Amino acid sequence: MSLGTWRAAAERAESVLRSNIVEVTVGDKRLRHAIPSPAFYVHQWFWDSCCHAMGLAHIGPEDAVDELRSLVAGQWRNGQIGAITYNPAEYSYYPKAECWDTAEFSAAGIVAAGIAQPPLLAISVERVAAQLDVVQREAFLAEILPSVVSYHEYLRRHRDPEESGLLTMIHPWESGCDNSPRWDRSLATISVDDVPTQVIEDVDKNRSDTVTGKTSHRPNQDDYYRYMYLVHLYNELHWDVDTIVATSPFAIKDILFNSAWVRANESLARLTNDAVYEEWAEQGRAGLHKTWDAERRQFCDVDVSNGKWEPIHESTIAMFTPLWCAAAEGEVLDGLLARLSDPEEFWPECPVPTTGLNSSKFDLLRYWRGPTWPITNTILIEGLLRTGETSERARLLGNQLLASTLDMIADHGFSEYYQPTGTSEAGALLGFGRFSWSAALFLHLFHSFASEN
Ligand code: GLC
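Just so it is clear, the model here is predicted, and its values are computed rather than measured.

Draft legend 1. Quick peek at the site of the ligand. Around the ligand, the structure places Pro 36, Tyr 41, Trp 45, Trp 47, Asp 48, Gln 117, Gly 176, Asp 178, Tyr 367, Trp 368, Phe 435 and Trp 437. Between the ligand and the protein, one listed contact pairs an oxygen atom with a side-chain N or O atom of Gln 117 at 3.0 Å. In the complex, the protein chains occlude 97% of the 310 Å² of accessible area that the ligand would expose alone. Split into classes, the residues belonging to the shell around the ligand amount to eight nonpolar, two polar and two charged.

Here it is in structure tokens:
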């Protein structure tokens, strides 16, 4: 496709993203941010917002600053920032704010989910800062960096009791890849028979994604009981994160989450000129290397619940994300690139499927079990282009993926995710529409890597 087509799509992206910006009043605070999709996701989501800001940085840096300002407004006193920050004027989404017993933790009376999402904040702050003039940049960084630092300190202090360099995730939703097959084995250890009746009834009565969206595309009901069971368990533990990490049946070192963590520490080291974050990044890289399985040629998530250290071997897009933080070279890189570029596995007409095509868990249409997502493609594009400074093969794949991702979105519109291949048209729209981060990441990719200016 031509540059002109991408430029026209960038204009449409701008209009979608801007039309999703809302103003929220909480107490005496007025916050502005984009919601992920007016069709369903009407609050503020953590890693979506980090991506919104990366896109907005190119078309309205002040809007990008507002987006991140709004994101950190709900930060807890211990540094945690929730996966979802709730708009008190919106009731349609489930799980509702009342599902999280967390109001007491926020410094500003803003209710947020007790769980995290992939820690893209410092990366986003660095990109937004790069689009501001000197005076704006200084003011922005002075305002936001204390929150970013306290967020990283929170993660580092509470999420790695083994001192492995890798953070532990306590809920499938923390991964951002909610329904990935990577979580199946751990979730199966939670028997639905043990889920309290009140949780089952609440889900049966209030679950809304299968009403607004298609049941066949969404997580199954037993897994949804388990998701809400974990929330219930953590409410009972009053969100004492050390106890949760030590005792939860769901505690996993997620490769994508940790690649983001390492990459974010690189950004924070540059933003603060503090070498400690470079050390944390290096420790994270060493941790990622330890999960490499040479025979399978993949980085593996690790189940660390109750003192275990059990690698998870599902074939998913997460295995490639260490490219983003320069954690793959030599034979590791060769192994990864061979699997990534295999048309039978990860390189169909509309790459990159979130689950390998030849995995028994691959599902063309179901949430995170097959479809192609702009966020995971963006991580790989940036990872490949970065690796491409020393590897021609990575550079070529990065440029191909950049073009195919821009084409996919320009051709099919700003949906939540896309069909990688199959009986109907590759790239066909899936999930909810008018999706902000599909628009924002289009703008980010286009302006950072594809446009001539
Ligand atoms: C879904 C996705 C998650 C995303 C959220 C809002 O829950 O799994 O990654 O942040 O939607 O778009």
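Draft legend 2. Quick peek at the pattern of salt bridges. Under the definition given, this model contains 31 salt bridges. Of the charged contacts, one joins Arg 207 and Asp 209 as a salt bridge, the two residues approaching to 2.6 Å between their closest N and O atoms. By relative accessible area, which is 6% here, Arg 207 ends up buried. For Asp 209, a relative accessible area of 1% puts it in the buried group. Taken together, the shared-partner salt bridges connect Glu 14, Arg 18, Arg 32, Asp 63, Asp 66, Arg 69 and Glu 143 into one network.

Draft legend 3. Local environment of the sheet that holds strand S9 (residues 310-312). With antiparallel pairing, three strands are arranged side by side in an open sheet as S5-S8-S9. A strand with exactly one partner marks an edge of an open sheet, and here the two such strands are strand S5 (252-253) and S9. Examined bridge by bridge, strand S8 (residues 301-303) and S9 share three bridges and lie antiparallel to one another. Paired with Val 302 across the two strands is Pro 311, which belongs to S9.

Draft legend 4. Quick look at the state of the cysteines. Enumeration over the complete set of coordinates arrives at zero disulfides. Here Cys 350 is not disulfide-linked; the sulfur of Cys 177 is the nearest cysteine sulfur, at 18 Å.

Draft legend 5. Spotlight on the nonpolar core. Formed by 154 residues in total, the largest nonpolar core has its most connected members in Leu 120, Leu 121, Phe 140, Ile 375 and Phe 442. In terms of residue count, helix H11 (residues 255-272) provides more of this core than any other element does, 10 residues in total. Ignoring any residue separated from it by four or fewer positions in sequence, one finds Leu 121 in contact with Phe 46, Cys 50, Leu 68, Leu 71, Val 72, Ile 81, Val 148 and Tyr 151. Membership of the second largest hydrophobic core comes to five residues, among which are Val 24, Val 26, Ala 73 and Ile 110.

Draft legend 6. Structural context of the pairing of strand S1 (residues 21-26). Here S1 pairs with strand S2 (residues 29-34) via six bridges, running antiparallel. If you follow Glu 23 over to S2, its bridge partner there is Arg 32. Here S1 folds back onto S2, and the loop between the two strands holds two residues, one of which, Gly 27, carries a positive phi near 55°.

Conventions used here
- Once a new chain begins, its residue numbering starts again from 1 and follows that chain's sequence as written.
- Residues qualify for local features only when their pLDDT is at least 70, as the model is predicted, and side-chain atom pairs are given and counted only at 80 or more; totals for whole chains, interfaces and linings, by contrast, use all residues.
- Hydrogens are left out, water is left out, and the side-chain values use all remaining heavy atoms of the structure.
- Neighbouring residues are identified by heavy atoms, a residue being near a molecule or strand if any of them is within 4 Å of it.
- In protein, a polar contact requires one atom able to donate a hydrogen and another able to accept it; more generally it is a pair of N or O atoms within 3.5 Å, and residues adjacent in sequence count only if both atoms are side-chain atoms.
- Here the accessible surface of atoms and residues is derived via Shrake-Rupley with a 1.4 Å probe, and residues count as covered only by protein chains that are part of the display.
- Note on residue categories: nonpolar means Ala, Val, Leu, Ile, Met, Phe, Trp, Tyr, Cys or Pro, charged means Asp, Glu, Lys or Arg, and polar means any other residue, Gly included.
- The term salt bridge refers to a side-chain nitrogen of Lys or Arg lying within 4 Å of a carboxyl oxygen of Asp or Glu.
- Classification of residues uses two cut-offs on accessible area relative to the type maximum, computed with a 1.4 Å probe and protein chains only: under 20% is buried, over 50% is exposed, and between them is partly exposed.
- Here, a strand pair is defined by DSSP locating no fewer than two bridges between the strands.
- For helices the rule is a DSSP run of H or I covering at least 4 residues; for strands it is a run of E covering at least 2, with both sets numbered from the N terminus onward.
- What counts as a disulfide here is a pair of cysteine sulfur atoms lying within 2.5 Å.
- Here, nonpolar core means buried Ala, Val, Leu, Ile, Met, Phe, Trp, Tyr and Cys residues that are tied together by side-chain atoms lying within 4.5 Å of each other.
- The criterion used for residue contact is that any of the two residues' heavy atoms lie within 4.5 Å.

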